[in-house]
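Analysis of the macromolecular model
As a plain string of letters, each chain reads:
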Amino acid sequence: MDKIEELKKLKSFQHIPIEKSMNRGIFYKEYVNKNKPVVIRGMTNKWKALNWDSEYFKSKGKEQEVAIKVGDISEGKKEKMQLSSYVEQLEEYEQNIKMGLKATKPGYLHDLPFFYMFPEYLSDINPFPKELLPKWYWSKWQNYIQFFMGSTGSLTPLHFDTLLTNNLFFQVAGRKKFILIEANQKKDCYMAGWRWAKFDPQNPDYEKFPQAKGVKIMEAILEPGDILFMPSGMLHQVHGLSQSVSFNIDWHTSKSARKGVATLWKGAPLKNVYYNALTYAGLGLKVPEKIIFPLYKSYLNYVS
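If you're wondering where the values come from, they're calculated on a predicted model, not measured in any experiment.

1. Digging into the pattern of salt bridges
Following the criterion strictly, the structure yields four salt bridges and no others. The salt bridge involving Glu30 is made with Lys34; its shortest N-O contact spans 3.1 Å. Residue Glu30 is classed as partly exposed on the basis of its relative accessible area, which comes to 26%. A salt bridge links Arg175 to Glu223; the nearest nitrogen and oxygen atoms lie 3.0 Å apart. In this pair, Arg175 is assigned in the loop between β9 (166–173) and β10 (176–181) and Glu223 in the loop between β13 (217–222) and β14 (226–230), connecting sequence segments 48 residues apart. The partly exposed category is assigned to Arg175, whose relative accessible area is 33%. Glu223 sits in the partly exposed class, given a relative accessible area of 30%.

Pasting the structure below:
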């Protein structure tokens, strides 16, 4: 029995609600406004993207170079390679581990603005549930998508999204496990820098991190077609349970954008305050999205 299974027997473990469908009214009333996570199943069942495979990506990535994160994700080290070459690395790694052979784990394709780079593939994620986003995003929601591809065993350490955005995470292929911790418990997770935590909830060391003993942990296993909503500031650790493809949208309400601007007094990088101020200008002051995005789009390649 692993440590997460042991934690599930304790009062400190909480279950994430699961909804088989979702409308805008319930989503905001029960989850966004209450800062509660939820797993939504069934909204993307008609997507062609659920049939994506390695050949699809190899055919699309012959010329286009992408930045692959290597080593510890929190350090932000990158190396560039063609998308098709990266997919071949993933395939070789997965074959080797299935055969019980030693293999070097590939890097992680993390935070790629895929649909901004390849808008012709938007039809594969139709119909998109844009009604879950504030209306300010509706005209160009695809510009805010960040794309992920990784191997079995990929790991993103415990962290929160740097702008304190809300997060809609879409699982397209393969499986991922999310371990979630509410934002108000951040101080008990031993933060290093602005957004990365030293505490590892998958393998908790309570002798080294005694304050973390009271942290309440949630877990979600995402299958193809699942959507996970994480509210502003929620800490999450992400495990690749198989080779997988997924993407997310980081988005603000006017309230969360205002909260993001206020992080100027809480140690956030100045760039964070800049991006949050831009978004608040749109959501709170009604500046059109087409004016804000050209200034905001550098965030898609920003690592805090």
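2. Side note on the environment of Ile68
Positionally, Ile68 belongs in strand β4 (residues 65–69). Other than its neighbours up to four places away in sequence, Ile68 contacts Lys77, Lys78, Glu79, Met81, Tyr86, Gly107, Tyr108 and Leu109.

3. Concerning a nonpolar patch on the surface
A contiguous nonpolar patch, built from Leu264, Trp265 and Leu270 and spanning about 400 Å² of accessible area, is present on the exposed surface. With respect to the helices and strands, Leu270 occurs in helix α7 (residues 270–283).

4. Regarding the confidence of the model for the chain
On average, residues of the chain score 91 in pLDDT, and 94% of them are at 70 or above. Across the chain, the element-wise mean pLDDT spans from 56 in helix α1 (residues 3–7) up to 98 in β14.

5. Overview of the environment of Trp136
Looking at where Trp136 falls in the secondary structure, it is placed in the loop between α5 (114–117) and β7 (145–150). Sequence separation of Trp136 and Leu164 is 28 residues, and the distance between their C-alpha atoms is 18 Å. Residues within four places of Trp136 in sequence aside, it is in contact with Tyr144, Gly282, Leu283, Val287, Pro288, Glu289 and Ile292. Polar side-chain contacts of Trp136 include one of 2.9 Å to the backbone oxygen of Val287.

Criteria and thresholds
- Residue positions are given per chain, counted from 1 along the sequence in the order it is written.
- Only residues with pLDDT of at least 70 get local features here, since the model is predicted, and only at 80 or more are side-chain atom pairs given and counted; chain-wide, interface and lining totals rely on the full set of residues.
- To obtain the side-chain values, all non-hydrogen atoms of the structure were included, while hydrogens and water were left out.
- The salt bridge definition used is simple: a Lys or Arg side-chain nitrogen within 4 Å of an Asp or Glu carboxyl oxygen.
- Burial status follows relative accessibility: with a 1.4 Å probe on protein chains alone, a residue under 20% of its type maximum counts as buried, one over 50% as exposed, and anything between as partly exposed.
- Every helix listed is a DSSP run of H or I at least four residues long, and every strand listed is a run of E at least two residues long, numbered separately from the N terminus.
- By definition, residues are in contact when any of their heavy atoms lie within 4.5 Å.
- Grouping into patches uses exposed residues only, defined as over 30% relative accessible area, and leaves out salt-bridged ones; the cut-off is 9 Å for like charges and 5 Å for nonpolar side chains (Val, Leu, Ile, Met, Phe, Trp, Tyr).
- Areas reported as accessible are Shrake-Rupley estimates using a 1.4 Å probe. Residue values count occlusion only from the protein chains shown.
- Per-residue confidence from the predictor is reported as pLDDT, a score between 0 and 100.
- Polar contacts here mean pairs of N or O atoms no more than 3.5 Å apart (in protein, one a potential hydrogen donor and the other a potential acceptor; neighbouring residues in sequence count only if both atoms are side-chain atoms).

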